[in-house]
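Each chain is listed here by its residues.
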Amino acid sequence: MQPLMGQTPDALHLDELKPWNSARQMLVCLSVADEAPDVKTFTFAVEGGGWFRYAPGQFITVELRAKGGDLHRTYTISSTPSRPYAISITVKAQPGSIGTRWMFDNIKPGSRMRAYGPSGHFTLTRPLQQKYLFVSAGSGVTPMMSMLRWLADCAPMTDVTFLNASRRPEDIIFRAELELLATRMPNLRLGFIPEMSSPAQPWAGLTGRIDRTKLQLLAPDFLARETFCCGPDPFMKALSGLLRSEGFDMGHYHQESFGLAPNLANTPAQPASKTPPQPSPQGGGRVTAVPPSVSPLVGEMAGRPEGVFSGTITIDFLSTGEFVTCESGDTVLKAARSAHVRIPAACESGLCGTCKVKKRSGDVEMHHNGGITTREIDEGYILACCSRPLTALEIEA
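What you see is a predicted model, and the numbers here were worked out from it, not measured in a lab.

## Some remarks on the packing of helix α2 (residues 141-154) against helix α3 (residues 175-184)
Argument step 1. Between α2 and α3, the shortest axis-to-axis distance is 11 Å and the interhelical angle comes to 30 degrees. In this view, α2 runs roughly parallel relative to α3, as classed from their interaxial angle. When you trace α2 past α3, the crossing you get is left-handed. Each of M145, L148, R149 and A152 in α2 lies in contact with α3, whose residues at this interface are E177, L178 and L181.

## Things to note about the pattern of salt bridges
Argument step 1. Scanning the entire structure with this criterion turns up 20 salt bridges.
Argument step 2. With a shortest N-O distance of 2.4 Å, R342 and E63 are connected by a salt bridge. With a gap of 279 residues between them, R342 in the loop between α6 (332-338) and β17 (356-361) and E63 in strand β4 (residues 59-66) connect regions that are remote in the sequence.
Argument step 3. R342 gets classed as partly exposed once you look at its relative accessible area, which sits at 48%.

## Regarding unusual backbone geometry
Across residues other than glycine, the phi torsion is negative in most instances, and most of the peptide bonds are trans.
Argument step 1. The linkage connecting G117 with the following residue, P118, adopts the cis geometry, with an omega of 0 degrees.
Argument step 2. Positionally, P118 belongs in strand β7 (residues 111-119).
Argument step 3. In this model, R126 is joined to P127 through a cis peptide bond whose omega is -5 degrees.
Argument step 4. Relative to the elements of secondary structure, P127 occurs in the loop between β7 and β8 (131-137).

## Thoughts on helix α1 (residues 99-106)
What sets the pattern is the α-helix's 3.6 residues per turn: residues three or four places apart point alike.
Argument step 1. With respect to burial, α1 is a largely interior element, six of its eight residues being buried.
Argument step 2. Buried residues in α1 make contact with β3 (39-46), β4, β5 (69-76), β6 (87-92) and β7.

## Re the pairing of strand β10 (residues 188-194)
Argument step 1. Of all seven residues that make up β10, five are buried, and the element is covered over most of its length.
Argument step 2. Where strand β9 (residues 159-166) meets β10, seven bridges bridge the pair, whose relative direction is parallel. In the sheet register, S166 faces β10, and the bridge partner there is P194.
Argument step 3. With α3 bridging β9 and the parallel β10, this β-α-β connection has right-handed handedness.

## A few points about the packing of aromatic side chains
Argument step 1. Taken as a whole and judged by the stated rule, the model has seven aromatic pairs.
Argument step 2. Seen from their ring centres, F122 and F228 are 5.6 Å apart, and the 70 degrees between their planes marks the pair as edge-to-face. Taken together, the positions of F122 in the loop between β7 and β8 and F228 in strand β11 (residues 226-231) put the pair 106 residues apart, joining distant regions of the chain.
Argument step 3. Assessed through its relative accessible area of 5%, F122 is described here as buried.

## Points about the environment of E226
Argument step 1. Examined against the element boundaries, E226 turns out to sit in strand β11.
Argument step 2. Judged by relative accessible area, E226 falls into the buried class, the value being 6%.
Argument step 3. A sequence separation of 97 residues divides E226 from Q129, and the C-alpha atoms of the two residues are 6.9 Å apart.
Argument step 4. Among residues more than four places away in sequence, those in contact with E226 are Q129, K131, Y132, L133, H252 and H254.
Argument step 5. Of note is the side chain of E226, whose polar atom sits 2.7 Å from the side chain of H252.

## Structural notes on the sheet that holds strand β19 (residues 381-383)
Neighbouring strands of a sheet are bound in pairs by backbone hydrogen bonds; such pairs are parallel or else antiparallel.
Argument step 1. Read across the sheet, five strands follow the order β16-β15-β21-β17-β19 without closing on themselves; strand pairing throughout is mixed. Of all the strands in the sheet, just β16 (322-327) and β19 have a single pairing partner and so form its edges. Strand-to-strand twist of the sheet, defined as the mean angle between neighbouring strand axes without regard to direction, takes the value 40 degrees.
Argument step 2. Bridge count between β17 and strand β21 (residues 393-396): three bridges; the pairing is antiparallel. Counted as the bridge partner of K359 is I395 from β21.

## Considerations on the state of the cysteines
Every disulfide links exactly two cysteines, by a covalent bond between their sulfur atoms.
Argument step 1. All told, the structure shown has zero disulfides when counted by the stated rule.
Argument step 2. The structure places no disulfide on C347, whose sulfur is separated from the nearest cysteine sulfur, that of C352, by 3.6 Å.
Argument step 3. Take C386: it sits in no disulfide, and the sulfur closest to it among the cysteines is that of C385, at 4.1 Å.

## Some thoughts on the side chain of T161
Argument step 1. For T161, the position within the fold is in strand β9.
Argument step 2. Those residues in contact with T161 that lie beyond four places of it in its chain are Y132, L133, F134, R189, L218, A219 and R225.

## Here we look at the confidence of the model for the chain
Argument step 1. Across the chain, pLDDT averages 85, with 84% of residues at or above 70.
Argument step 2. No element of the chain has a lower mean pLDDT than strand β13 (residues 278-279), at 42, and none a higher one than β9, at 98.
Argument step 3. Within the model, pLDDT remains below 50 along residues 267-282, and this stretch shows 43 contacts once partners closer than five positions in the same chain are excluded.
Argument step 4. The model gives residues 293-308 a pLDDT under 50, and that stretch makes 44 contacts with residues more than four places away or in other chains.

What counts as what
Residues numbered from 1 in each chain as written. Predicted model: local features only at pLDDT ≥ 70, side-chain atom pairs only at ≥ 80, totals over all residues. Heavy atoms only, no water. Axes fitted to C-alpha atoms, helices over the stretch in contact; angles between N-to-C directions. Helix = DSSP H or I, 4+ residues; strand = E, 2+ residues; numbered from the N terminus. Parallel < 35°, antiparallel > 145°, perpendicular 65-115°, else oblique. Left-handed = near helix turned anticlockwise from the far one by under 90°. Contact = heavy atoms within 4.5 Å. Salt bridge = Lys/Arg side-chain N within 4 Å of Asp/Glu carboxyl O. Buried < 20%, exposed > 50% of the residue type's maximum accessible area, 1.4 Å probe, protein only. Pairing = 2+ DSSP bridges. Right-handed = clockwise from strand over helix to strand, strands pointing away. Phe/Tyr/Trp six-rings, centres within 6.5 Å; stacked < 30°, edge-to-face > 60°. Polar contact = N/O pair within 3.5 Å; in protein donor to acceptor, adjacent residues only side chain to side chain. Disulfide = S-S within 2.5 Å. pLDDT = per-residue confidence, 0-100.

See below:
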């Protein structure tokens, strides 16, 4: 299926525009750029005009009109919010990938795309720290690049050591721009570590994997730096283990992952806490919201408190007019799908926030993994993938 086409918005001053509303406004592709083998950057503007409000390091979920049906994929933003007229995602096509390959083949300048977000908590904390260590592998460089671009615009004197691991020298993403930024940020130090050399591109630097020796060579004061890490899980486990062995204070360590928590949308309910649900002031009804407690990615499975209800319960989807019966322990998302009510969803683990919907009335229990804020819960929103009804519901969907 071919993507929709749209027009690039007119140039306007920032105070003449409103922030992007992902529920109402689509994105229009401005450009597509090759960054490295199988890596492209897609840059978008708000259709009809607008600007982007997000924190460096956050992600968006895009809706792809693929041949087999709509797909939802989550990609980290690589651009900086200090340049709010456009937003960029830099994506790598992995072997066997479907959504990313579809983007590579179909998204061109002028293509229209629906997206949701931004979301995520992997971002610079306030106040800014004096020293940072950014460590990434492969396309895990994208949130680091967003953070570094923001620092280059807003705090260019910040002390940053930026380490990136890749398979080969030609696989280093953003290398030319990073080297340019190093000429403009006097306290930026770069360290590229390809796993192996390559005849395609001469390389005289370090090779192999990041270890204690390389870390001390490239960042001798790493124990004193606020550290951000992003890459495949084995890479991050190796780095966090190395830091722990050196006595690093892990309270200053932050990591993002490409991995997802277990799928919650179709997981049977498990016994849960009997903590009374809290009122939801604007949405009506109550929400027992259980945020992640151990890992930012993996939390407990959702369930219903014993004795609240058993059997079936009803959900009224107000926008579509569907009225369905939900089995005990089913999620709102599962009930919606059974009634062919379309609620966009990507991770289905309470992380990305794509399935956020407004609850007009009724009580739910929601075990999420950080994909929704306390403020949004207070406004009546829930994540359909990890919310299970405790009473009859009215949902805007």
